[in-house]
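Coordinate analysis (summary)
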Amino acid sequence: MTKRLPAVAMLLLALSGCGDDAGTSPARTPSPATSTVAPSTTATTRTAAGADAFVAEVRRSLPEVAADRREDEIGAVARRACAALAKGDDADAIVAQTRTLGTVDAEAVDEATARELVKLAIDTVCPDQDRRVDEF
């Protein structure tokens, strides 16, 4: 175990940018590891805020969908839609899945409401899928 510690320490130093020939500090010149961590943190934060915005918008504009549903149940509708969009699923399949609202009822909401929910999900939770909004 003691023999591996120096190798691990050297790897960490190399990844952090310490010990490079230019002598720059990581604070002044971000290493590749630092620059790849920051965007994912930002994306996660935006998605979490987006889920809250989705729930709020559903409660405001589609109160019949929000009635008797917990926030996590409403948010799950957006997460499922966004995951299906990211996988490249067909719009009709996404609408059919959204119509269930995550229940066993295949027609928990009508098709128009399901399409509206997918659009809201794109607007709030997965704006990177905005190129597909016209499909709904």
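Look above for the structure.
Observations regarding the overall build of the protein
- Tallying secondary structure elements over the protein gives 6 helices and 0 strands in all.
- Starting at the N terminus and walking to the C terminus, you meet the elements of the protein as α-α-α-α-α-α.
- Going through the 136 residues of the protein one by one, you find that 30% of them count as buried.
- For the protein, contacts bridging at least 24 residues in sequence account for 45% of all contacts bridging at least 6.
- Only carbon and sulfur atoms are counted for the fraction: they give 58% of the accessible area of the protein, which is about 8,700 Å².

Considerations on the packing of helix α4 (residues 71-87) against helix α5 (residues 91-99)
- With their axes 10 Å apart at the nearest point, α4 and α5 run at an angle of 165° to one another. With respect to α5, the element α4 is oriented roughly antiparallel. Read as a crossing pair, α4 and α5 show a hand that is right-handed. Of the residues in α5, those in contact with Val77, Arg80, Ala81, Ala84 and Leu85 of α4 are Ile94, Gln97 and Thr98.
- For the contact of α4 with α5, the class distribution of residues is 5 nonpolar, 2 polar and 1 charged.

Focus: the nonpolar core
- Formed by 27 residues in total, the largest nonpolar core has its most connected members in Phe54, Val58, Leu117 and Phe136.
- Where this core is concerned, the elements lending two or more residues are α2 (32-61), α3 (63-66), α4, α5 and α6 (111-124).
- Excluding its chain neighbours within four sequence positions, the residues that come into contact with leucine 117 are Phe54, Val58, Leu62, Val65, Val77, Thr98, Leu101 and Val109.

Thoughts on the side chain of glutamine 129
- Inspection of the secondary structure puts glutamine 129 in the segment after α6.
- Of the residues examined, glutamine 129 reaches a relative accessible area of 4% and is grouped as buried.
- Filtering out sequence-adjacent residues up to four positions away, glutamine 129 remains in contact with Leu85, Ala86 and Ile122.

Re the pattern of salt bridges
- Enumeration over the complete set of coordinates arrives at 7 salt bridges.
- Aspartate 72 is the partner of arginine 70 in a salt bridge, and the nearest nitrogen-oxygen pair spans 3.0 Å.
- Look at aspartate 72 and you get partly exposed, because its relative accessible area is 42%.
- Its salt-bridge partner being arginine 115, residue aspartate 92 comes within 3.5 Å of it at the nearest N-O pair. Placement of the pair is aspartate 92 in helix α5 and arginine 115 in helix α6, with a sequence separation of 23 residues.
- For arginine 115, a relative accessible area of 18% corresponds to the buried category.
- Three or more residues are tied together by salt bridges with common partners; here these are Arg70, Asp72 and Glu73.

Considerations on the environment of alanine 66
- Within the secondary structure, alanine 66 sits in helix α3.
- With a relative accessible area of 6%, alanine 66 lands in the buried category.
- In contact with alanine 66, not counting residues within four places along its chain, are Val58, Arg59 and Ile74.

Rules and cut-offs
Residues numbered from 1 in each chain as written. Predicted model: local features only at pLDDT ≥ 70, side-chain atom pairs only at ≥ 80, totals over all residues. Heavy atoms only, no water. Helix = DSSP H or I, 4+ residues; strand = E, 2+ residues; numbered from the N terminus. Buried < 20%, exposed > 50% of the residue type's maximum accessible area, 1.4 Å probe, protein only. Contact = heavy atoms within 4.5 Å. Areas by Shrake-Rupley, 256 points an atom, 1.4 Å probe, with all protein chains shown as cover. Axes fitted to C-alpha atoms, helices over the stretch in contact; angles between N-to-C directions. Parallel < 35°, antiparallel > 145°, perpendicular 65-115°, else oblique. Left-handed = near helix turned anticlockwise from the far one by under 90°. Nonpolar A, V, L, I, M, F, W, Y, C, P; charged D, E, K, R; others polar. Core = buried A, V, L, I, M, F, W, Y, C linked by side-chain atoms within 4.5 Å. Salt bridge = Lys/Arg side-chain N within 4 Å of Asp/Glu carboxyl O.

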